[in-house]
Amino acid sequence: SFSYDASRFTPAAPWGAWVILVPVVGGTVVTWLVTTFAPEAKGHGVPEVMDAIYFRSGVIRPVVAVVKSLASAFAIGTGAAVGREGPIIQIGSALGSTLGQAIPMAAGQRITLVAAGAGAGIAATFNTPIGGVLFATELMMPEISVNTFLPVALATGTATFVGRLFFGGEPAFLVPAQLGAL
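Bear in mind that the values here come from a model prediction, so they are computed numbers and not experimental data.

Trainee: Quick question: what am I supposed to make of the overall build of the protein here?
Mentor: When helices and strands are counted, the protein shows seven helices and zero strands. The linear arrangement of helices and strands in the protein, starting from the amino end, is α-α-α-α-α-α-α. Its C-alpha atoms give the protein principal-axis dimensions of roughly 55 × 50 × 30 Å. Counting over 182 residues, the protein shows a buried share of 34%. Considering only intrachain contacts with a sequence separation of at least 6, the fraction spanning at least 24 residues in the protein is 71%. Surface exposure of the protein reaches about 11300 Å², of which carbon and sulfur atoms provide 71%. Each charge class in the protein can be summarised by its mean position, and for the 8 positive and 8 negative side chains these summaries are 6 Å apart.

Right, here's the structure in full:
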């Protein structure tokens, strides 16, 4: 089933004790994908993107977006203890870098697209346009100016709009009301 509620009791797995092998198979698939097709897709995502920005002029191979998407889907789907922020940062950055490589441009402009992709990924995933801008400018940008800030802000705003079309306007994390508030 595609619907899952962690608060609801579910019956035992039909595989019985063999269900313990699901994470093992998932880890094996993830390891094979990453080592075979894109070794730079390993890890959390943020350090790899920062390495590409500061040491490789914002160049990230296009295959990284595909491999990171598939590897993250397998990892999360088979129960690995991972989140969605690292993968979406690397996927968005890889898409920005790919656009920057497809259209001839200076390294500084490509780095801006890499940061815009990272910020847009955060903004769409967590429904936080300002958080996406702040993340991209604080962690990904070597310098901030109008020429670098505006594309990042436009990307995060657009990504938030598109994300709300697909996921709705609710916050990514609901905070329950406190009983007997201060």
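Now, onward.
Trainee: What exactly am I supposed to notice about helix α3 (residues 63–77) here?
Mentor: Side chains three or four residues apart in an α-helix point the same way, a direct result of the helix having 3.6 residues per turn. Its 15 residues place the ends of α3 21 Å apart at the C-alpha level, agreeing with the 21 Å of an ideal helix rising 1.5 Å per residue. For α3, the complete set of buried residues consists of Val-64, Ala-65, Val-67, Lys-68, Ala-71, Ser-72 and Ala-75. Seen along its axis, α3 keeps its buried residues to an arc of 165 degrees; they face one direction. Each element contacted by the buried residues of α3 is listed here: α1 (21–37) and α4 (85–102). Gly-79, located one to two residues past α3, shows a positive phi value of around 95 degrees.

Trainee: I keep staring at a nonpolar patch on the surface and nothing clicks. Help me out?
Mentor: Taken together, Trp-15, Trp-18, Val-19, Ile-20, Leu-21, Val-24 and Val-25 make up a surface patch of nonpolar side chains, about 770 Å² in accessible area. Following the sequence through the fold, Trp-15 ends up in the segment before α1.

Trainee: For this particular structure, what's the right way to read the nonpolar core?
Mentor: One recurring pattern in soluble globular proteins: nonpolar side chains tend to sit buried together. Core analysis: the biggest nonpolar cluster contains 32 residues, and Ile-89, Phe-135 and Met-140 have the highest contact counts within it. At eight residues, the largest contribution of residues to this core is made by helix α5 (residues 107–126). Once residues within four sequence positions are removed from consideration, Phe-135 is found in contact with Val-46, Ile-89, Ala-118, Ile-122 and Met-140.

Trainee: Hey, could you run me through the packing of α1 against α3 in this one?
Mentor: When two helices pack together, their arrangement is captured by the angle between the axes and the distance separating the axes. It is at 9 Å that the axes of α1 and α3 come closest, and there the two elements cross at 170 degrees. Overall, the two elements α1 and α3 adopt an arrangement that is roughly antiparallel. Facing Val-29, Val-30, Leu-33, Val-34 and Phe-37 of α1, the residues of α3 in contact are Val-63, Val-67, Leu-70, Ala-71, Phe-74 and Ala-75. Residues of the contact of α1 with α3, tallied by class, amount to 11 nonpolar, no polar and no charged.

Trainee: Explain unusual backbone geometry here, please?
Mentor: Peptide bonds are, in most cases, trans, and in most cases residues other than glycine have a negative phi. Even without being glycine, Ser-57 reaches a positive phi, approximately 55 degrees. A relative accessible area of 34% places Ser-57 in the partly exposed class. Look at Asn-127: it is not a glycine, yet its phi comes out positive at around 55 degrees. Relative to the assigned elements, Asn-127 resides in the loop between α5 and α6 (129–140).

Cut-offs and rules
- Per-chain numbering applies: the sequence of each chain, read as written, is numbered from 1 onward.
- Local features in this predicted model are restricted to residues whose pLDDT is 70 or higher, and side-chain atom pairs enter the listing and the counts only when it is 80 or higher, whereas totals over whole chains, interfaces and linings include all residues.
- The basis for every side-chain value is the complete set of non-hydrogen atoms in the structure, without hydrogens or water.
- Helix and strand assignments come from DSSP, with helices taken as H or I runs of at least 4 residues and strands as E runs of at least 2, each series counted from the N terminus.
- Relative accessible area decides the class of each residue, using a 1.4 Å probe on protein chains only: under 20% of the type maximum gives buried, over 50% gives exposed, and in between gives partly exposed.
- When checking whether two residues touch, look at their non-hydrogen atoms; a contact exists if any pair is within 4.5 Å.
- The protein chains shown are the only cover counted for residues, whose accessible areas, like all others here, come from Shrake-Rupley with a 1.4 Å probe.
- Positive charge is attributed to Lys and Arg, negative charge to Asp and Glu, and no charge count is given to His or to the chain ends.
- A charged residue contributes its charge at one atom only: NZ of Lys, CZ of Arg, CG of Asp or CD of Glu.
- Here the expected length of a helix is defined as 1.5 Å per residue gap, with one fewer gap than residues.
- Directions pointing from the helix axis toward each C-beta atom define the arc.
- Only residues whose relative accessible area exceeds 30% and that take part in no salt bridge are eligible for patches, with like-charged residues grouped when within 9 Å of each other and nonpolar side chains (Val, Leu, Ile, Met, Phe, Trp, Tyr) grouped when within 5 Å.
- One speaks of a salt bridge when a side-chain nitrogen belonging to Lys or Arg is within 4 Å of a carboxyl oxygen belonging to Asp or Glu.
- By nonpolar core we mean a set of buried residues, namely Ala, Val, Leu, Ile, Met, Phe, Trp, Tyr and Cys, connected to one another through side-chain atoms within 4.5 Å.
- Under this scheme, a helix contributes an axis fitted over its contacting stretch, all axes are lines through C-alpha atoms, and angles between N-to-C directions fall in the 0 to 180 degree range.
- Geometric relationships in this document are graded by angle, where less than 35 degrees denotes roughly parallel, more than 145 denotes roughly antiparallel, 65 to 115 denotes roughly perpendicular, and other angles denote oblique.
- In this classification, the charged set is Asp, Glu, Lys and Arg, the nonpolar set is Ala, Val, Leu, Ile, Met, Phe, Trp, Tyr, Cys and Pro, and all remaining amino acids, among them Gly, are polar.

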